[in-house]
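Tertiary structure, described
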Amino acid sequence: MRSVGPWTITFGAFNDTGFISSGTYTYDGTSQTPTVDNGTMTSFYNLGKDVTHCQSKGVKIVMSLGGDHSSPYSFGPGDGEFYANLWYNQFLGGTHPVRPLGPGVQLDGFELDIEKPGYEAEMTIFVTTLRKLCPKCVLAAVPQCILTYGTDGLDQNVGLTINATNGKGILDYVIIQYYNNPPCSYPFGFNFKSWKPLFNGPLYIGLAGDWTSAINGGFMEMPQLQAVYDMVKDDPQFAGWSVYDVSSSTPPAKYWNVENYANPSTSNYSQVLSGILQGTPAWTGVQLPPQGPVAQDGLNTTYRCASTWIWANTQCSLEDCYDAVAKGGDPEKVCGGNTQCNQMVVKC
């Protein structure tokens, strides 16, 4: 078991008068007093006040651990048990002289947003230990939607952890990240049904808040959103939406797309997501078909893949390889350059 455990919390930025630091809190792993400057400590204490305010309104606050594959984090032998104990005492119901969000401020739990492979064993120990320490805490996983790892078809980063804890009351829910993952997203291969046997609890559909939040594509415009909802609305495991992030889908955020880029309207996407769960359709125009057989005709491509085409045409190589691929050509050989988008789009 480790005896030293440094960690860092980074928020994108603090730009309110109550938050005067850059948004990064670093703990050296051993000190019994805060190891940050007073400005940073003040900012995080103010954040703690916001946490308790939201909790007073019935909102649970959980912290996501990890991040994308380029983020500087790793877990070695013994880290799972060590960090479960350390973070329980610093952020949850335990006691530690260093409480980054302020004395008495308790988060409701943690989510595993681990986007690097190789840490599944320690993550399994981490959530199992936390569940013993805190039976009522919220614990969850946020995997990518792609299921290609191993013979069982799991997520390659936390799939083994989900598999090892499934049915044991350790994870409360799973958020499936569909944005940035075209191969397993509507209309290319929306795989919600494939996730059902992998985790027998609540499944949330992870969506981008707007186009700028989905750097590799996958923002659900209203027609696509309605089509996806129609496919899962009666499924008892469908628990709702998760948005990355809500700051891009709620005023004063703007609703950006190619057509209105110069004069975007204020985003109401969060309101739309809430409304559709309460019976207000996201889209009442031409209904997109449920995901089914591959269709290459122009009408289907326009109706089913319009938003993805917009992204592909603005972000990817403009080289037209549609005909070559349709005739059986290998996209990697006949298209050249940045062809990921084109490979996904032609599957419409």
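First things first, this report covers the structure right here in the doc. (Residues numbered from 1 in each chain as written. Predicted model: local features only at pLDDT ≥ 70, side-chain atom pairs only at ≥ 80, totals over all residues. Heavy atoms only, no water.)

**Comments concerning the overall build of the protein chain**
Looking only at helices and strands, the protein chain features eleven helices and ten strands. Within the span of the protein chain, comprising 348 residues, buried residues form 49% of the whole. Across the protein chain, every contact between residues at least 6 apart in sequence was considered, and the portion connecting residues at least 24 apart equals 68%. Carbon and sulfur atoms form 54% of the exposed surface of the protein chain, whose accessible area is close to 16900 Å². (Helix = DSSP H or I, 4+ residues; strand = E, 2+ residues; numbered from the N terminus. Buried < 20%, exposed > 50% of the residue type's maximum accessible area, 1.4 Å probe, protein only. Contact = heavy atoms within 4.5 Å. Areas by Shrake-Rupley, 256 points an atom, 1.4 Å probe, with all protein chains shown as cover.)

**What about helix α2 (residues 79-91)?**
Because each turn of an α-helix spans 3.6 residues, side chains separated by three or four positions end up pointing in the same direction. Here α2 spans 17 Å end to end across 13 residues, near enough to the 18 Å set by a 1.5 Å rise per residue. Summarising burial for α2: ten of the 13 residues are buried, a large majority. Among the residues making up α2, those that are buried are Asp79, Gly80, Phe82, Tyr83, Ala84, Leu86, Trp87, Tyr88, Gln90 and Phe91. If you follow the buried residues of α2, they end up packed against β1 (7-10), β2 (24-27), β3 (62-67), β4 (109-114) and α3 (120-133). (Expected span 1.5 Å × (residues − 1).)

**Thoughts on the packing of aromatic side chains**
Under the definition given, this model contains 23 aromatic pairs. Geometrically, the ring pair formed by Trp87 and Phe126 is edge-to-face, given 5.9 Å between the ring centres and 80 degrees between the ring planes. Highlighted residues: Trp87 in helix α2 and Phe126 in helix α3, separated in sequence by 39 residues. Taking relative accessible area as the criterion, Phe126 reaches 2% and is therefore assigned buried. Aromatic pair Tyr178 and Phe190: ring centres 4.9 Å apart, planes at 45 degrees, arrangement tilted. In this pair, Tyr178 sits in the loop between β6 (173-177) and α5 (192-195) while Phe190 sits in the loop between β6 and α5, placing the two residues twelve residues apart along the sequence. Taken individually, Tyr178 and Phe190 each receive the classification buried, so the pair is uniform in this respect. Linked through ring pairs, Trp7, Tyr25, Tyr27, Phe44, Phe82, Tyr83, Trp87, Phe91, Phe110 and Phe126 together constitute an aromatic cluster. Lys116 extends its terminal NZ or CZ atom over the ring of Tyr73, reaching a point 4.3 Å from the ring centre. (Phe/Tyr/Trp six-rings, centres within 6.5 Å; stacked < 30°, edge-to-face > 60°. Lys NZ or Arg CZ within 6 Å of the ring centre and 35° of its normal.)

**Some points on the nonpolar core**
Phe110, Phe126, Ile205 and Leu225 are the most contacted members of the largest nonpolar core, which totals 78 residues. With seven residues, α2 is the largest single contributor of residues to this core. Apart from residues lying up to four places away in sequence, Ile205 is in contact with Ile176, Tyr178, Phe190, Phe192, Val228, Val232, Phe238, Gly240, Trp241 and Ser242. The next biggest cluster of nonpolar side chains, apart from the first, holds five residues, and it includes Val138, Ala140, Val142 and Ile175. (Core = buried A, V, L, I, M, F, W, Y, C linked by side-chain atoms within 4.5 Å.)

**Digging into the pairing of β1**
Alternating positions in β1 separate cleanly, Trp7 and Ile9 being buried on one face and Thr8 and Thr10 remaining unburied on the opposite face. Pairing geometry for β1 and β2, over four bridges, is antiparallel. Within β2, the residue paired with Trp7 across the bridge is Tyr27. (Pairing = 2+ DSSP bridges.)

**A word on the packing of helix α6 (residues 222-232) against helix α7 (residues 269-277)**
Interhelical geometry of α6 versus α7 gives an angle of 30 degrees and a closest axis separation of 12 Å. Looking at the two axes, α6 sits roughly parallel to α7. With respect to the hand of their crossing, α6 and α7 are arranged in right-handed fashion. Taking contact as the criterion, the partners of Met222, Leu225, Gln226 and Tyr229 in α6 are, on α7, Tyr269, Val272, Leu273, Ile276 and Leu277. Of the residues contributing to the contact of α6 with α7, the split by class is eight nonpolar, one polar and no charged. (Axes fitted to C-alpha atoms, helices over the stretch in contact; angles between N-to-C directions. Parallel < 35°, antiparallel > 145°, perpendicular 65-115°, else oblique. Left-handed = near helix turned anticlockwise from the far one by under 90°. Nonpolar A, V, L, I, M, F, W, Y, C, P; charged D, E, K, R; others polar.)

**Examining the packing of α2 against α3**
Here α2 crosses α3 at 35 degrees, and the two axes come no closer than 7 Å. Two packed elements cross with a definite hand, and for α2 against α3 that hand is right-handed. Seen from α2, the contacting residues are Asp79, Gly80, Glu81, Tyr83, Ala84, Asn85, Trp87 and Tyr88; seen from α3, they are Glu122, Ile125, Phe126, Thr129, Leu130 and Leu133. A breakdown of the residues in the contact of α2 with α3 according to their chemical character gives eight nonpolar, three polar and three charged.

**Side note on unusual backbone geometry**
At the junction of Tyr244 and Asp245, the peptide bond is cis and its omega measures out at -20 degrees in the coordinates. Geometrically, the link from Pro251 to Pro252 is a cis peptide bond, its omega value of 10 degrees lying close to zero. With respect to the helices and strands, the residue Pro252 is situated in the loop between β8 (238-244) and β9 (254-255).

**Some points on the sheet that holds β3**
One open sheet accounts for six strands, arranged β3-β4-β5-β6-β7-β8; its pairing is parallel. Of all strands in the sheet, those bounded by a partner on one side alone are β3 and β8. Taking each pair of neighbouring strands and ignoring which way they run, the sheet shows an average axis angle of 25 degrees. Note that β3 and β4 share six bridges and pair parallel. Bridging from a neighbouring strand, Ser64 pairs with Glu111 of β4. Strands in contact with α3 are β3, β4 and β5 (138-141); relative to β4, the strand with the most contacts, it is inclined by about 175 degrees.

**Focus: the environment of Leu225**
When you line up the elements, Leu225 lands in helix α6. Residues Leu225 and Leu288, 63 residues apart in the sequence, show an inter-C-alpha distance of 9.7 Å. Non-local contacts of Leu225, meaning those with residues more than four positions away in its chain, are made with Leu207, Met220, Trp241, Tyr269, Val272, Leu273, Ile276 and Ala282.

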